[in-house]
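# Chain and residue survey
So you can see what is in the structure, the chains are spelled out below.
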Amino acid sequence: MSPAGVITVVGSINVDLIAQVRRHPMPGETLHGTGGQMLPGGKGANQAVAAAKLGGDVRMIGAVGTDTQAEVGLAGLRAAGVDLTGVREIEGPTGLAIVTVAEDGENTIVVIAGANDSVDTAQVTEAKEVIAASAIVVCQGEIPREGIEALPALVSGRFLHNPAPVMELDPAVLRASDPLVVNEHEAALVLAQLAPGAEVPEAPERIVGALREAGITSVVLTLGAQGSLVADADGTHRIPAARVTAVDTTGAGDAFIGALAVGLASGESLPAAARLASRVGAFAATGQGAQPSYPSTGDELPQLAE
Ligand code: RIB
């Protein structure tokens, strides 16, 4: 096999403030919780850490603030050996996420962008050589629209795009995604942008079909306990989930994407990379927090429920 290519993640770096609760509060309600830990997070940083812990050669393009939280946000990236040359320090606060985790492992997250809001066209363009030399360029929806829209023109490998949260984007940028990684809710929002007014199908097979018909190069539709559906020019494949008891799903989707990037950077097909990603995402749901729950090479991953 040829040596794995470089993975560049362009995205958010946050500090996650975690509250564990029995159940999520209703609007207007105050509940007692436990926890209060500050852990490294941010979808971009999480995906970079997940890929690096699995042996990927990973570069991060992003920003932290000038506050003391910056070091918390960078700690996991440093420990995993991610190259931080492309991370800037911006006057003001580091990105913050307020994460509530209920007893069933499900979470709610409120993100305050802070320094992530500065990852603009200029910063992305400054990194154009690194981006062009990367086998896989990964991005999400926690940096400004212009930073994301600058990417496809600079990418010469694959553009792994996880539009979470979904924002209004140039349709050409959505179509350049290879793959676009979305859940059903995000898929509906993307379809509404690409085919305004068209009915959004309910069946997962029809959703990936509609995304491909709208011009997206390849798609991974994540379906929680039902696994995922992968669609590209070679057809559509169902990838099973691994059965685990979820403790905390925070960042499990990011672990999935980091692993997908590692598989693709090693030259695996999209379905083969999605099988690895499914096992890694399940592993991550069995531990607390995002980055601390990610497997390293050598950790035993759960098997897929074939
Ligand atoms: O996907 C989980 C991540 O979303 C958290 O780490 C939080 O920082 C938000 O970006």
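Residues numbered from 1 in each chain as written. Predicted model: local features only at pLDDT ≥ 70, side-chain atom pairs only at ≥ 80, totals over all residues. Heavy atoms only, no water.

## So, the overall build of the chain
Summing up its helical and strand segments, the chain has ten helices and 13 strands in all. Computed over C-alpha atoms, the radius of gyration of the chain comes to 18 Å, within 12% of the 19 Å expected from 2.2 N^0.38 for 306 residues, which places it in the range of a compact globule. Across its three principal axes, the chain shows a C-alpha extent of roughly 50 × 45 × 40 Å. Residue burial in the chain is summarised as follows: out of 306 residues, 52% are buried. Total accessible area on the chain is roughly 13,000 Å²; 53% of this is exposed by carbon and sulfur atoms. A gap of 4 Å separates the mean positions of the 17 positive and 35 negative side-chain charges of the chain. (Helix = DSSP H or I, 4+ residues; strand = E, 2+ residues; numbered from the N terminus. Rg over C-alpha atoms; globule rule 2.2 N^0.38 Å. Buried < 20%, exposed > 50% of the residue type's maximum accessible area, 1.4 Å probe, protein only. Areas by Shrake-Rupley, 256 points an atom, 1.4 Å probe, with all protein chains shown as cover. Lys, Arg positive; Asp, Glu negative; His and termini not counted. Charge placed at Lys NZ, Arg CZ, Asp CG, Glu CD.)

## Here we look at the site of the ligand
The full set of residues close to the ligand is Asn 14, Asp 16, Gly 41, Gly 42, Lys 43, Asn 46, Ala 97, Ile 109, Val 111, Glu 142, Gly 251 and Asp 254. A distance of 3.0 Å separates an oxygen atom of the ligand from a polar side-chain atom of Asn 14. In the environment of the ligand, an oxygen atom lies 3.0 Å from a nitrogen or oxygen atom belonging to the side chain of Asn 46. Looking at the shell around the ligand, the elements that each hand over two or more residues are β2 (14-20), α1 (43-53) and β7 (107-112). (Near = heavy atom within 4 Å. Polar contact = N/O pair within 3.5 Å; in protein donor to acceptor, adjacent residues only side chain to side chain.)

## What to know about helix α10 (residues 270-285)
The end-to-end C-alpha distance of α10, which contains 16 residues, comes to 22 Å, matching closely the 22 Å that a straight helix rising 1.5 Å per residue would cover. The set of residues buried in α10 consists of Leu 270, Pro 271, Ala 273, Ala 274, Ala 277, Ser 278, Val 280, Gly 281, Ala 282, Ala 284 and Ala 285. Elements that come into contact with the buried residues of α10 comprise β9 (158-161), β11 (219-222), β12 (228-232), β13 (235-239) and α9 (252-265). (Expected span 1.5 Å × (residues − 1). Contact = heavy atoms within 4.5 Å.)

## Points about the sheet that holds β7
Hydrogen bonding along the main chain pairs the strands of a sheet, whether they run parallel or antiparallel. With mixed pairing, the four strands of this open sheet are ordered in space as β3-β2-β6-β7. At either end of the open sheet lies a strand with only one pairing partner, and these are β3 (34-41) and β7. Averaged over neighbouring strand pairs, the angle between their axes works out to 20 degrees when direction is ignored. Where helix α2 (residues 69-80) meets the sheet, it contacts β2 and β3, and its direction lies at approximately 70 degrees from that of β3. (Pairing = 2+ DSSP bridges. Axes fitted to C-alpha atoms, helices over the stretch in contact; angles between N-to-C directions.)

## Points about helix α7 (residues 184-194)
Listed as buried for α7 are Glu 186, Ala 187, Val 190, Leu 191, Gln 193 and Leu 194. Down the axis of α7, the smallest arc covering the buried residues is 155 degrees, so these residues share one side. Those residues of α7 that are buried lie in contact with α6 (171-175), β10 (180-183), α8 (204-213) and β11. Where α7 begins, the side chain of Asn 183 points an oxygen toward the backbone nitrogen of His 185, at a separation of 3.2 Å. (Arc of directions from axis to C-beta.)

## Regarding a nonpolar patch on the surface
A surface patch of nonpolar side chains, about 240 Å² in accessible area, is lined by Ile 98, Val 110 and Ile 112. Tracing the backbone shows Val 110 in strand β7. (Patch = residues over 30% accessible without salt bridge, like charges linked within 9 Å, V, L, I, M, F, W, Y side chains within 5 Å. Salt bridge = Lys/Arg side-chain N within 4 Å of Asp/Glu carboxyl O.)

## Quick look at the packing of α1 against α2
For the pair α1 and α2, the least separation of the axes is 9 Å and the interaxial angle reads 20 degrees. Relative to α2, α1 is oriented roughly parallel. As α1 packs across α2, the resulting crossing turns out to be left-handed. Between α1 and α2, the residues in contact are Ala 45, Ala 48, Val 49, Ala 52 and Lys 53 and Gly 76, Leu 77 and Ala 80, respectively. Taken together, the residues of the contact of α1 with α2 sort by class into six nonpolar, one polar and one charged. (Parallel < 35°, antiparallel > 145°, perpendicular 65-115°, else oblique. Left-handed = near helix turned anticlockwise from the far one by under 90°. Nonpolar A, V, L, I, M, F, W, Y, C, P; charged D, E, K, R; others polar.)

## Comments concerning the packing of α9 against α10
Where α9 meets α10, the closest approach of the two axes is 7 Å, and the angle between their N-to-C directions is 145 degrees. Between α9 and α10 lies a crossing whose hand is right-handed. Between α9 and α10, the residues in contact are Ala 252, Ala 255, Phe 256, Ala 259, Leu 260, Gly 263 and Leu 264 and Leu 270, Ala 273, Ala 274, Leu 276, Ala 277, Ser 278, Val 280, Gly 281, Ala 284 and Ala 285, respectively. Considered class by class, the residues forming the contact of α9 with α10 number 14 nonpolar, three polar and no charged.

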